[in-house]
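# Results of the structural survey
Chain residues, written in single-letter form:
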Amino acid sequence: MKCKFTASLFLMLSSTMLLTTTTSCESLFASMGYVKADRPCHCTHEGECGAGVMARVEHPVTGVVQHTQSKVDKSYLQELLNADYSIHQYLPEEPKRLTWVDDTIHETVSELTPLLSKSEQNGGKRLMPQGVAMRNSENAVYFYIVTDASERPSELRLRVQYYADDPLNFDRMEFRINGFVYSYKPSAPKRGKDGPRFYWENCDDALTATDRDLVYALAHADWVELRLKGAGGMDHVKMLNEDQIKAFYNILQLYRLMGGKLQ
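Now for a look at the structure at hand. Small disclaimer: the values here were computed from a predicted structure and weren't measured.

Cut-offs used in this document
Residues numbered from 1 in each chain as written. Predicted model: local features only at pLDDT ≥ 70, side-chain atom pairs only at ≥ 80, totals over all residues. Heavy atoms only, no water. Salt bridge = Lys/Arg side-chain N within 4 Å of Asp/Glu carboxyl O. Buried < 20%, exposed > 50% of the residue type's maximum accessible area, 1.4 Å probe, protein only. Pairing = 2+ DSSP bridges. Helix = DSSP H or I, 4+ residues; strand = E, 2+ residues; numbered from the N terminus. Axes fitted to C-alpha atoms, helices over the stretch in contact; angles between N-to-C directions. Phe/Tyr/Trp six-rings, centres within 6.5 Å; stacked < 30°, edge-to-face > 60°. Lys NZ or Arg CZ within 6 Å of the ring centre and 35° of its normal.

## Brief notes about the pattern of salt bridges
- Following the criterion strictly, the structure yields 13 salt bridges and no others.
- Salt-bridge contacts for Arg157 lead to Glu155; the nearest nitrogen and oxygen are separated by 2.8 Å.
- Of the residues examined, Glu155 reaches a relative accessible area of 28% and is grouped as partly exposed.
- The residue Asp204 makes a salt bridge to Arg157 at a minimum N-O spacing of 2.9 Å.

Take a look at the structure:
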């Protein structure tokens, strides 16, 4: 009787082991009524389940959790491993100092002429931006064109006017254009007094080839700060507005369209 029991037990254990080694985890648990859960598993049943991603399965009635394994597309995993996950930094281009460029003029003489005022000067014409006056009692900074009797441009000139209740006695100026400094030394500033309280100073110079970078920068600037360098370290600082910068541009383009060149 004892030998029969031992033999039966051995047969039962053998058949169970055979079933376990010849049936995958997934098919075994499916036959027992288990279903896949979404939670990951780290089961190491490689000999029984084969390569794949382990998952937990939960019986719909008893709630018992077991493990199974599902197949994964290895080519997709390899694609993820080979992807470039490095961080790329794209730095903005550093600002550059504006220098003279013989660029294309898109405006025409007929488009620019109405933006100017004309007056007589020594048998020729003086073409100035609208809204400015050549008076000592006004603060202003602008280009203007001088023509000969046949209205051919002879000079492009820069005029700066200072008017205040304190004398400045400026003899140099700095234009800070888009963060870069362009220095200019007027040839012969003029000064005077207006009544008992006010002082006026101005400079009015023909621009030459050595001033080309300054001329181009003023006409193509995003922003301009003018510093009049006075005696005793005193500065007069003025930010130019968009209309003043646009006036520089209009006068320069008209000067070029009329055949003018900085000599």
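## Examining the sheet that holds strand β10 (residues 190–194)
- Strand order in the open sheet made by the six strands is β4-β5-β6-β7-β11-β10, with antiparallel pairing throughout. Strands with a single pairing partner mark the edges of an open sheet, and in this sheet they are β4 (116–121) and β10. On average, adjacent strands in this sheet sit at an angle of 25 degrees to one another, irrespective of strand direction.
- Relative to strand β6 (residues 140–147), strand β5 (residues 124–129) is paired through two bridges, and the arrangement is antiparallel. Within the sheet, the bridge partner assigned to Arg126 lies in β6 and is Val146.

## Brief notes about the packing of aromatic side chains
- Across all of its chains, the model carries four aromatic pairs by this definition.
- Arranged with centres 6.0 Å apart and planes meeting at 65 degrees, the rings of Trp100 and Tyr216 form a pair that is edge-to-face. Highlighted residues: Trp100 in the loop between α4 (74–82) and α5 (109–112) and Tyr216 in helix α6 (residues 212–219), separated in sequence by 116 residues.
- What makes Tyr216 buried here is its relative accessible area of 9%.
- Between Tyr163 and Phe198, the ring centres sit 5.2 Å apart and the planes meet at 10 degrees, which makes this aromatic pair stacked. Of the two residues, Tyr163 is situated in strand β7 (residues 153–164) and Phe198 in strand β11 (residues 198–206); the sequence distance between them amounts to 35 residues.
- Note that Arg97 overlies the ring of Tyr182, its terminal NZ or CZ placed 3.9 Å from the centroid.

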